[in-house]
Amino acid sequence: MARQDVNRSGEMEVFARVVELGGFSAAARAFRMTPSAVSKLVARLETRLGVRLINRSTRKLQLTPEGTAYYDRCIRILDDINTAEREAAIGATPRGRVRVNTSVPFGLHWLLPLLPGFLKLHPGVNVDVALTDTVVDLMEERADIAIRVGPLRESRLLARKLGESRMVVVAAPAYLADHGTPRTPADLAKHNMLGFCFSKQIDGWPFRESSGGIVSVPPVGTALVSDGEAMQRLTVAGAGLSRLARFHVDADIKAGRLVPVLEDFNPGDLEPIHAVFVGHGGQLPARVRAFLDYLVEHVKL
């Protein structure tokens, strides 16, 4: 058991500053300590942990893999401490920065339009939004919330369901005029099926068979894209067929820019949409909880 007189949060703060400033001397100036005192503190920390955190040389300091992992944890712990102190001081009023990672379609069609209302309701909160369809590591990206579209992978993350959207295969009228309209899933072998260049939980396009079973058709085509918004634009331009969430292409269908195909074989599967986040014993910063509550209340899918 660690000695009770060890100021672990203080050690973490000094260690993090050494990493961020790139040396003992710079960190010592920041804390009004001597470089020797900072060096000894880091050495004591390494001794207690039983690992080397920093490789020292005459020119620079370099984190070991263990040091990198420890630094990342330190940052989150120190941020939690700061958040706890701020919230205790102001009665848990939502304040601070919320970092959100979202898929491109959900971000453009739902999240960004909702942001002005949230920011007006919570003027003490700032929101950083990163749009990508790639599944990111929340810890690595230091994100508070990620919007995940599709089945969730097994993880220790907590999740709140925002809704679900029916999937649909679509094509532009110009593409169908040039290549014909597929009447059965087997006809897709003659068509250009657009795909994604990142790993998805479900790779094939599912279709309902007359027997009641489900057949999966892998998308084979001449183009791969990195996100749903690029897929939607490529499809509207007439490059081929795509399978997208209905909420993403509903406006295009109503405007006649896209046409649903193979609806008689649509299995009616729904793509769930979740907000996932890291929960420490059920405790969340007020700023994160406020954002989650706002999403759940206002996203209608």
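Naming follows an unreviewed UniProt entry, where the protein appears as LysR family transcriptional regulator of Candidatus Afipia apatlaquensis. Per UniProt, the protein has the following entry under Function (unreviewed entry): "NodD regulates the expression of the nodABCFE genes which encode other nodulation proteins. NodD is also a negative regulator of its own expression. Binds flavonoids as inducers." Under the heading Sequence similarities (unreviewed entry), UniProt records this for the protein: "Belongs to the LysR transcriptional regulatory family."

**Notes on a nonpolar patch on the surface**
On the surface, a nonpolar cluster with roughly 210 Å² of combined accessible area is contributed by Leu108, Leu112 and Leu131. Turning to its location among the elements, leucine 112 is positioned in helix α5 (residues 104–121).

**Some remarks on empty space enclosed by the protein**
Take a probe with the size of a water molecule and roll it over the atoms, and the empty space left behind shows itself. Going through the model one piece at a time under the given rule, you end up with two cavities of 30 Å³ or more. Roughly 40 Å³ of internal volume is contained in the largest cavity. Residue assignment for the lining of the largest cavity shows that the elements contributing at least two residues are β6 (158–171) and β8 (205–208). For the lining of the largest cavity, the element with the highest residue contribution is β6, accounting for three residues. Counted by class, the lining of the largest cavity contains eight nonpolar, one polar and two charged residues. One number sums up the size of the second largest cavity: a volume of about 30 Å³. Taken together, Leu111, Leu114, Leu115, Phe118, Phe291, Tyr294 and Leu295 make up the lining of the second largest cavity. Put simply, the parts of the chain that give the lining of the second largest cavity at least two residues each are α5 and α10 (286–298). The element contributing the most residues to the lining of the second largest cavity is α5, with four residues. Taken together, the residues of the lining of the second largest cavity break down into seven nonpolar, no polar and no charged.

What counts as what
- Residues numbered from 1 in each chain as written.
- Predicted model: local features only at pLDDT ≥ 70, side-chain atom pairs only at ≥ 80, totals over all residues.
- Heavy atoms only, no water.
- UniProt positions renumbered as here; feature names shortened; annotations may be inferred.
- Patch = residues over 30% accessible without salt bridge, like charges linked within 9 Å, V, L, I, M, F, W, Y side chains within 5 Å.
- Areas by Shrake-Rupley, 256 points an atom, 1.4 Å probe, with all protein chains shown as cover.
- Salt bridge = Lys/Arg side-chain N within 4 Å of Asp/Glu carboxyl O.
- Helix = DSSP H or I, 4+ residues; strand = E, 2+ residues; numbered from the N terminus.
- 1 Å grid on protein atoms, 1.4 Å probe; cavity = no way out; pocket = protein on both sides within 12 Å on 5 of 7 lines; lining within 4 Å.
- Points joined across faces, edges and corners; volume = space filled by probe spheres on them.
- Nonpolar A, V, L, I, M, F, W, Y, C, P; charged D, E, K, R; others polar.

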